[in-house]
Amino acid sequence: MAPNKSRGKPQQVGAVMVVGGGMSGIQAALDLAESGFYVYLVEKKPAIGGVMPMLDKTFPTNDCSMCTLAPKLVEVGRHLNIEILAPAEVAGISGNEGNYQVEVVQKARYIDPSRCIACGVCAEKCPKKVPNEFNQGLSARKAAYVLYPQAVPLKYAIDKEHCIYFRKGKCRACEKFCPTQAVDFSQTDRVLHLEVGSVILAPGFQVFDARKKPEYGYGRYPNVLTAMEFERMLSATGPTHAHIQRPSDAAEPEKIAWIQCVGSRDAAMGRPYCSSVCCMYATKQAIIAQEHDAKIRPTIFFIDLRAHGKGFERYYQAAKKLHQINYVRAMVSRVVQNPRTHDLALTYVDETNRIRTEEFNLVVLSVGMGVDPETAALAHKLGVMVSPSNFVSTGSFTPVSTSRPGVFACGSFTGPKDIPESVVQGSAAAASSARLLAPVRGTLQKEIAFPPEQDLADEPPRVGVFICHCGMNIGGVADIPSLVESARTIPDVEYVQENLFSCSQDSQNQMVQVIQEHRLNRVVVASCSPTTHGAMFQTMLRNAGLNKYLFEMANIRNQCTWVHQGEPEKATEKCRDLIRMGVAKARMLEPLKYLSVPVNKRVLVIGGGMAGMTSAVALADQGFEVHLVERLEHLGGNARKLHSTWRDERVQVMVDAMVAQVEQHPKITVHFLTMVTEVSGSVGNYKSKLSTGQEIEHGVVIIAVGAEPLRPEGEYLYKEHPNVLVSLELDQELARRTPRVKNAQAVGFIQCVGSRIPERPYCNRVCCSHSVENAIRLKRLNPDMEVYILYRDMRTYGEREPLYARARELGVLFFRYNVDDPPKVESEGDKIVIRFVDTDLQKPMELRVDLLTLATAIIPHQNAPLADLYKVHLDADGFFAEAHPKIRPVESTTTGIYMAGLCHFPKPIQESMAEALACASRASTILCRDTLELESITSRPIDENCDGCAFCVDACPFKAITLLEYMRDGNVKKTVEVNQVLCQGCGSCMATCPKKGIYVAGFTLEQLEAQVDAALGIS
Amino acid sequence: MKVTYYPGCSLEGTAVDYAASIAGVASQLDVELVELFDWNCCGASSAHSLNHHLALHLPARNLALAEQAGRDVVAPCALCFNRLKVAEKALLGPEGTELGIAYGGGLKIWDLLDYLTQDTFLKALPTKVVVSLMNLRPVCYYGCLVARPPAVTDKADYENPENMERLLEVLGTQPIDWSFKTDCCGAGLAVARPDIIDTLVHRLYEQALAAGAECFVVSCQMCQANLDLSQERISRKFGQDYYLPVFYFTELIALALGHPDTPKWLAQHVVDPMPLLKMKGIV
C-alpha cells in the first residue's frame, strides 16, 4: 500500500492505476513511478509481460524479444513505487478524475509470495498436467506453475480449475514438498478498495481463434499452426526448444507457407479492420525460420504487404532479395490435407492468372488481433466508449483519452498496433495522468534506500563469477559447466555459479544474497552486452552493499556465442578467455565516487507544429517552464495544410485551439522566426543559444521540427500541367470546393510517388489512407465522378481498413501497378491520360482524368545541422534516429533529448501527438528530479605526470578538457582539467597521452594491460 | 416425435431406396413422418435457371402448406432443402409481399441429417444398436447444398460439418476425417455434363482411398447417384478398379439397428455393398 505523506485528505490522489501488465502498461507504470507517482499495476495473469515474452524475435531489428523486455520487467518488479497486483482484476470504479475509487479483486494464487523462492519443486511434484497456455497449448505445464521462466513476479501459482486438491480433495503434494511452506490452500480472493487519481487501461489484445475459419484446417490438420504457436516453436523456451518440427511426425519441414489476414480484413467474421502487424511478423518468422534451418523455403500468401513503419520497407525488401522469401499475392481459400503425408496443399491463382496447387510441409496462419470479451465487458463496466470492433474510441487529437475523464487507454486496446506504438501510447497515457495529477506529484511516493556501502579498505579482492546460459543463446553453444570449472581455478575467485537467465528477478535477488553471504567484493557477470543489462547488474551490486563500479561484464554472448554458433568448442575456449580477462580486470577495480548534477527544470522544444505544441503544453501544464522555438512566424506547422483526419475530424479547428493554448500559456514562451545556433552542456544542464542571441538554460530538449512534402518536379507532369497536384494541394481544393474539383468527371491518384524506391526506400505510411479519404470525399461531392487510385500495395492499416472497403463500395476503382513499369502520364489538353499495365488483368490500361493527384513522399528537412548541435544521430533516410526502434521510440541515444512527429518518421497527426505526449512523459522523469546521477567512468588527470602538452584537449570529441596553469614551487605548472559532466569516458585522451598523465576511472591502463595479459595467457 | 415430411420428386423416382430406408429408420426411432399434403415439386435447379418468380413460388407454396399443417418440416433431398430455405428467406424478407403468399415463418425447415442427429436421437441410439459396424471404414460426404450458401441455409458449421461423423461414432464406427467432405459432386450436371462429374467424382474416390476409406456415407441422393452410378464408367475412364459402396446414412442406422429390410434397399445400389458388408462381418 502507498504511504500517505500528505496532510489531511487531498482532493486529488497522487497514485495511478494501470490495468494490464503488457508492454504498454509497463511503460506507463515506469514513466509514472519515475516521475513522482505511486502506481498500482493490475494484471489478470500471475505475472506481467503480456504477449511480448511469447515472441521470439521482433522486427525490424530481429532482437530477442525477451532481451529487450526483461530490463523493463525487472525494473517494474524492483520498483519501490510500483505495486504489482497479480493475478487481479478490476471489479468496479466510482468517483471522478483526480479521485477514483477502484474495486480490485486480488485473486488467490494459493502460494504465499513472501515465502516462495521459485525453486520449482511444487511444479515438479504436482501430478496434474494442464495444456500450457503460454506455449499455446503445444506443451504441458502442471497445475502448480510459473507463467514463464523470466516471469515477474517470479512466484508460482496454483491453478484452482485444474488442481486435484480443489477438484477432488486429494493430493497436496506441493504443500508437502515446498521447502519454505509457501503453499496456502486457505487463501481466498481479496477485495481491495484503492484510491487513485486516474486509471490507465492497457489490457492488450487477444489472438484471433483460428478455429472460426475451419477451411484452413486449424485444429483438424496437425501441421496447421497459428503464428503464435509458430512463434513459440521458434523460441528457446518454447515447446520444442527452438527446433522447428512438424507436429504430425516431428520431421523438419522444408516448405512452409504463411496465410495472411486470418481473422483480419474480414467483415463476414466481424473483423473488418487490419491487424497492422501480421505482414511484418510473418516476414520476420520466415527470416528467423531460415536462420534456424537453412533448408526451409518460406512462401507468404498475402493481399497487400503492409510494411508501413520505420525500417519496415527495407526489412521487407531484404526479405525478398536477400533472404529469397517467396511472396505470392493471392489469397488461399482453403487448406487441403494429404492424409498420407500430412502435407498441406494450397491452391491459388498466381500473378499470371494461372491456377496452381502447391504442397507444403507446414502452414502458419497469420492470425489477427482482437479485443477479448472480458476486456470489452470491463470497458462497458467503466463507461468507456468503444468502436464496433470493441477498440476504445479515441480522438485523433486525444489519442489516449477515453470518453471518461481521467481514464486513459493505451496499446492495442486503442486499435491494432505494434510494440513501438504501444510503448509510445503507454508513455502518452502516463503524460496525460501526470498532467492531471501534477499538483499531487510526490505525495504518495516511497523513497529508495540502498544499504550503506562497505568500506573495503585494504581487503584483498574476493571475486564472484556468474556465468549465464541466457537460455540457449549461450548455453546452447558454449560448455557452461566446463567454464564454471575453470573459473574456479582462477586466483582470487571465491565463488562461481551458473544462471539460466541472470537478468530474471529471481536470479538478481539470489545473486545479492550470494554476494553478501560469501563477502564478495568484486563481481564478474559473463553474459550479454553491458548496454543490455550493465546498469541492472550495477544496481544489483548497490543492493548488495557494494559500490556499483566493482562490477565487470564479460560479453560471452554478443561477442562470442552469437557469432561463433557453428564452432562450439572454439567458442567455449573464447568464453574461457573472456572470463579470465574479466576477472583480471575485476581484481583491479576500485570503488568510484558517485557524481550528480542539479537538474535545470526548464524545457526547450524545437518546432511549433502539432507535436511541438503538444509536448510544450503537456509539460507547461505540469508547471515546467517551456521555451518553444519556431522557425516561421506562426505556429501550426504542416497541420495548417490539412483539412480533415481519416475520422473526419476538422484539423484547423484543433490547430487554432492548440495555438491559442500555447500562445496564452503563462509557462510557455514562444520564439518565432528563431532557430538554435549553438549548444553546450548535457542532460540536466544544457545551454542553447538562439539565433536571436538569447541563451536558454534548460534540462531537456524535445525535437519536433517536422518534415516537408516532396515536390516531384519533372515527374508525372507535376508543375508542367496545371491539373496535376500533390495530396496537400488537393486537400486545399477540396476544403474550398473549387470549381475544378466540383466539376471534375474523373480524378486519378498515383500512390508511392518518390516512395519505396531505391533512392528513398521507405513507406510514407499516411498516403494510402489519405488518398482513400479524399477519394471518398470526391465521391460524396459527386457520386457520378470516376475516381481511380493506382497503387502498389494498399496500406490502410488498423481501423482505416473499413475506409478502403467503403471507397470500393462507393465505386472508387483501384488498379495495381508494378514499380518496375510505372504509369506514364501525358497531357491531352485540359485532361491527363494515364497509361499503365494493370497487374491483375495483365493488360495495358488507359485512363483519362481531369485531375491527377500524386501521393508523394514526406522527406526530412535538412536535419544534419541540428543533429550535430545536439550530437544526435540521423538514420539512413535523414530522419532522427531513436535509441531503440522497439522500446525507446521517442528518445535519442543521448539522455535528455527526445523526438516526436514527422522528424522521426512520416505518420498521421494522432501518432505525432501521441509521441509528443510520450516525450513529455519521458522528459518529466528527469525534470521532476532535483539532481541527476552521472556516470563515474570519466577521465581524471594525474597532475604529477601531466606536463600540459594538451594533446588530449584536441583529441576529446566532447570538448571536456581544458588546459590550466598554476604556480607550484615558484614555477608555472601546466596541467589539464576535465569537466565531469561533459566527459563521456570514451578514453581518447588516455589513448593520446604520451605521459600517462590522464586515465579513465574504471578503464585504467593497468586494468587494460591485465586483460591483455590474461587474453594471451601470460597471467 | 411427429414432423411434416417433404419427400421431393427424386425420392419417388430414382431415390426410392433412400425413401424406403427413411421410412424404415423412422419407425425404429419412433419418428412419425407425416407427408405434406398436396406438396408440389420445389423446382430444384430447372426452375431457378429459367424464371425467378416461378423458382420462388414453387417452394413457397409448400411452405404455406406446411405452415397450415402446424409442424416443422423435414426434407431429405438437399436441393429441396436449399430451395425451401431460399423461399423462406424471400417470404420473410422485403420480396415477401410480392409473392402473394401468406407465411408467418413460425416453423423450422430441417434437412434430414440435421433432424436425425439431434441430441435426443443420438442419446437414444446406442441402446438400440444390435449389429456392430466397428470394422467399417467410411468417409462422410455431405455435399454442398445442405450447407451452402450459409446465408440461406443458416448453417453455422458450413466449412466443416461434423454431425454425420457424430452419428456414425454413436453407431459404433470410426469415420475417417478428410478434406473433401463438402466438395461438390457435380449435382444436377450428371445428365448434361457427365465429364464434369467424372473429374469431380474421380477426385473424391482418390481422396477417399488416400484417407484409407473403403466406402462413402451420404445424406443427399444426388451425391449418392453421382458417386454410385458413375463408378464403373469412371473406373474404365481412368484405368482403375474402384470399389467404393455408397451408403445412405439412414441405411447405416438401419443396419446397426438390425432392420430386416436393409438388404432389399442395398440391392438397389449399382455398386453392390454386400461383398464389403460380408467381409466386415456386418451381414
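Residues numbered from 1 in each chain as written. Chains lettered and ligands numbered in written order. Predicted model: local features only at pLDDT ≥ 70, side-chain atom pairs only at ≥ 80, totals over all residues. Heavy atoms only, no water.

1. Structural notes on the overall build of chain B
Step number 1: Counting its secondary structure elements, chain B contains 16 helices and seven strands.
Step number 2: Relative to the globule expectation of 19 Å for 283 residues, the C-alpha radius of gyration of chain B, 19 Å, shows essentially globular dimensions.
Step number 3: Taking the principal axes of the C-alpha coordinates as reference, chain B spans close to 55 × 45 × 30 Å.
Step number 4: Each of the 283 residues in chain B was classed as buried or not, and the buried ones make up 55%.
Step number 5: A sequence separation of at least 24 residues applies to 77% of the contacts in chain B between residues at least 6 apart.
Step number 6: For chain B, the exposed surface amounts to about 11800 Å²; the carbon and sulfur share of it is 56%.
Step number 7: The average position of the 22 basic charges and that of the 32 acidic charges among the side chains of chain B differ by 1 Å. (Helix = DSSP H or I, 4+ residues; strand = E, 2+ residues; numbered from the N terminus. Rg over C-alpha atoms; globule rule 2.2 N^0.38 Å. Buried < 20%, exposed > 50% of the residue type's maximum accessible area, 1.4 Å probe, protein only. Contact = heavy atoms within 4.5 Å. Areas by Shrake-Rupley, 256 points an atom, 1.4 Å probe, with all protein chains shown as cover. Lys, Arg positive; Asp, Glu negative; His and termini not counted. Charge placed at Lys NZ, Arg CZ, Asp CG, Glu CD.)

2. Overview of the overall build of chain A
Step number 1: On a plain count of helices and strands, chain A comes out with 26 helices and 52 strands.
Step number 2: Since a compact globule built from 1019 residues should have a radius of gyration of about 31 Å, the 30 Å found for chain A is in line with a globular shape.
Step number 3: The principal-axis extents of the C-alpha atoms in chain A amount to approximately 90 × 85 × 65 Å.
Step number 4: Out of the 1019 residues in chain A, the part that is buried amounts to 60%.
Step number 5: Counting contacts in chain A only where the partners sit at least 6 residues apart, residues at least 24 apart contribute 70% of the total.
Step number 6: When the accessible surface of chain A is totalled, it reaches about 40400 Å², and 51% of it is carbon and sulfur.

3. Some details on the sheet that holds strand β32 (residues 668-671) of chain A
Residue and element names in this part refer to chain A.
Step number 1: Spatial ordering of the open sheet is given by β32-β31-β30-β36-β47, a layout of five strands whose pairing is parallel. Of all strands in the sheet, those bounded by a partner on one side alone are β32 and β47 (897-899). Averaged over all neighbouring strand pairs, the angle between strand axes comes to 20 degrees, with direction disregarded.
Step number 2: The pairing of strand β30 (residues 603-606) with strand β36 (residues 700-703) spans four bridges and is classified as parallel. Within β36, the position partnered with Ile-606 by the bridge is Ile-703.
Step number 3: Contacting β30, β31 (626-629), β32 and β36, helix α16 (residues 610-620) runs over the sheet at an angle of about 170 degrees to β31. (Pairing = 2+ DSSP bridges. Axes fitted to C-alpha atoms, helices over the stretch in contact; angles between N-to-C directions.)

4. Section: the packing of aromatic side chains
Step number 1: With the rule as written, the count across this model stands at 34 aromatic pairs over all chains.
Step number 2: Judged by centre distance (6.1 Å) and plane angle (75 degrees), the ring pair of Tyr-686 of chain A and Tyr-870 of chain A falls under edge-to-face. Highlighted residues: Tyr-686 of chain A in strand β34 (residues 685-690) and Tyr-870 of chain A in helix α22 (residues 864-870), separated in sequence by 184 residues.
Step number 3: Pairwise contacts between aromatic rings join Tyr-141, Trp-178, Phe-180, Tyr-205, Phe-216 and Tyr-242 of chain B into one cluster.
Step number 4: The aromatic ring of Phe-1003 of chain A is capped on one face by Lys-585 of chain A, whose charged end is 3.5 Å from the ring centroid. (Phe/Tyr/Trp six-rings, centres within 6.5 Å; stacked < 30°, edge-to-face > 60°. Lys NZ or Arg CZ within 6 Å of the ring centre and 35° of its normal.)

5. Examining the interface of chain A and chain B
Step number 1: With ten residues of chain A in contact, the opposing surface of chain B contributes eleven residues.
Step number 2: Where chain A abuts chain B, roughly 900 Å² becomes buried across the two surfaces, and 45% of that area is made up of carbon and sulfur atoms.
Step number 3: For the pair chain A and chain B, the interface holds two salt bridges.
Step number 4: A salt bridge links Arg-334 of chain A to Asp-183 of chain B, with the shortest nitrogen-to-oxygen separation between them at 2.7 Å.
Step number 5: In the side of chain A that touches chain B, the residues fall into five nonpolar, one polar and four charged. (Buried area = accessible area lost by both parts, 1.4 Å probe. Salt bridge = Lys/Arg side-chain N within 4 Å of Asp/Glu carboxyl O. Nonpolar A, V, L, I, M, F, W, Y, C, P; charged D, E, K, R; others polar.)

6. Some remarks on the pairing of strand β18 (residues 326-329) of chain A
All names here are of chain A.
Step number 1: Relative to β18, strand β17 (residues 297-302) is paired through four bridges, and the arrangement is parallel. From the neighbouring strand, Phe-302 faces β18, where its bridge partner is Arg-329.
Step number 2: A crossover connection joins β17 to the parallel β18 through helix α8 (residues 312-321); in handedness this β-α-β unit is right-handed. (Right-handed = clockwise from strand over helix to strand, strands pointing away.)

7. Some details on the environment of Ala-478 of chain A
Residues and elements named next belong to chain A.
Step number 1: Within the secondary structure layout, Ala-478 lies in the loop between β25 (463-468) and α11 (480-488).
Step number 2: As a C-alpha pair, Ala-478 and Thr-188 span 290 residues in sequence and 46 Å in three-dimensional space.
Step number 3: Not counting the four nearest positions on each side in its chain, Ala-478 is found in contact with Leu-483, Thr-561, Thr-572 and Cys-575.

8. Examining the nonpolar core
Step number 1: Of all hydrophobic cores here, the largest spans 120 residues; its most connected members are Ile-82, Ile-158, Ile-200, Val-603 and Leu-619 of chain A.
Step number 2: Tallying contributions element by element places helix α23 (residues 909-927) of chain A first for this core, with eleven residues.
Step number 3: With residues near it in sequence (within four places) discarded, Val-603 of chain A still touches Leu-619, Phe-624, Glu-625, Val-626, His-627, His-698, Val-700, Ile-702 and Leu-927 of chain A.
Step number 4: Judged by nonpolar contacts, the second largest core, of 97 residues, contains Tyr-5, Ala-64, Phe-81 and Ile-253 of chain B. (Core = buried A, V, L, I, M, F, W, Y, C linked by side-chain atoms within 4.5 Å.)

9. Here we look at a nonpolar patch on the surface
All names here are of chain A.
Step number 1: A grouping of Val-1012, Leu-1016 and Ile-1018 is seen on the molecular surface, where their side chains present a nonpolar patch of about 320 Å² in accessible area.
Step number 2: Within the secondary structure, Val-1012 is located in helix α26 (residues 1005-1016).
Step number 3: Looking at Val-1012, the relative accessible area reads 45%, which means it is partly exposed. (Patch = residues over 30% accessible without salt bridge, like charges linked within 9 Å, V, L, I, M, F, W, Y side chains within 5 Å.)

10. Description of the side chain of Arg-765 of chain A
Residue and element names in this part refer to chain A.
Step number 1: As for its position among the elements, Arg-765 is in the loop between β39 (746-753) and α20 (767-781).
Step number 2: Here Arg-765 falls in the buried class, since its relative accessible area comes to 7%.
Step number 3: Within polar-contact distance, the side chain of Arg-765 engages the side chain of Tyr-797 at 3.3 Å.
Step number 4: Other than its neighbours up to four places away in sequence, Arg-765 contacts His-308, Gly-309, Glu-421, Arg-795, Tyr-797, Pro-906, Lys-907, Pro-908 and Glu-911. (Polar contact = N/O pair within 3.5 Å; in protein donor to acceptor, adjacent residues only side chain to side chain.)

11. Things to note about the pairing of strand β50 (residues 961-968) of chain A
Residue and element names in this part refer to chain A.
Step number 1: Both β50 and strand β51 (residues 971-978) contribute to a ladder of eight bridges, which runs antiparallel. When the sheet's bridge partners are listed, Glu-965 is paired in β51 with Lys-974.
Step number 2: Connecting β50 to the antiparallel partner β51 that follows it, the hairpin turn spans two residues, and Asp-969 within it adopts a positive phi of roughly 50 degrees.

12. Re unusual backbone geometry
Step number 1: With omega at -5 degrees, the peptide bond leading from Ala-86 of chain A into Pro-87 of chain A counts as cis.
Step number 2: In this structure, Pro-87 of chain A sits in the loop between β5 (82-85) and β6 (88-96).

13. With respect to the confidence of the model for chain B
Residues and elements named next belong to chain B.
Step number 1: With 100% of its residues at a pLDDT of 70 or more, chain B has an overall mean of 94.
Step number 2: The lowest-confidence element of chain B is helix α5 (residues 96-99), averaging 84 in pLDDT; the highest-confidence one is strand β6 (residues 215-218), averaging 98.
Step number 3: Reported confidence for the predicted complex is 0.92 by ipTM and 0.89 by pTM. (pLDDT = per-residue confidence, 0-100.)

14. Considerations on the packing of helix α10 (residues 419-437) of chain A against α23 of chain A
Residues and elements named next belong to chain A.
Step number 1: Packing of α10 against α23 leaves a shortest axis separation of 7 Å and a crossing angle of 60 degrees. Both α10 and α23 take part in a crossing whose hand is left-handed. For the pair formed by α10 and α23, the contact residues are Glu-421, Val-424, Ser-427, Ala-428, Ala-430, Ala-431, Ser-432 and Arg-435 on the first element and Glu-911, Ala-914, Glu-915, Leu-917, Ala-918, Ser-921 and Arg-922 on the second.
Step number 2: Of the residues that constitute the contact of α10 with α23, the class distribution is seven nonpolar, three polar and five charged. (Left-handed = near helix turned anticlockwise from the far one by under 90°.)

15. Looking at helix α2 (residues 65-78) of chain A
Residue and element names in this part refer to chain A.
Step number 1: Given a rise of 1.5 Å per residue, 14 residues ought to cover 20 Å, and the 20 Å separating the end C-alpha atoms of α2 matches this to within 8%.
Step number 2: Along α2, ten of the 14 residues are buried, which leaves the element largely enclosed by surrounding structure.
Step number 3: Within α2 the residues assigned to the buried category are Ser-65, Met-66, Cys-67, Thr-68, Leu-69, Ala-70, Lys-72, Leu-73, Val-74 and Val-76. (Expected span 1.5 Å × (residues − 1).)

16. Some words on the pattern of salt bridges
Residues and elements named next belong to chain A.
Step number 1: Considering all chains together, one arrives at 84 salt bridges over all chains under this definition.
Step number 2: Where Glu-215 meets Lys-213, a salt bridge forms, and the shortest distance between an N and an O atom there is 3.7 Å. Lys-213 matches Glu-215 in its accessibility class, with the two residues each being buried.

17. So, the state of the cysteines
All names here are of chain A.
Step number 1: Under the definition given, this model contains zero disulfides over all chains.
Step number 2: Lacking any disulfide linkage, Cys-163 is separated from the closest cysteine sulfur, that of Cys-174, by 6.2 Å.
Step number 3: On the accessibility criterion, Cys-163 (8% relative accessible area) is buried.
Step number 4: There is no disulfide at Cys-503, and the cysteine sulfur nearest it, in Cys-468, is 6.3 Å away. (Disulfide = S-S within 2.5 Å.)

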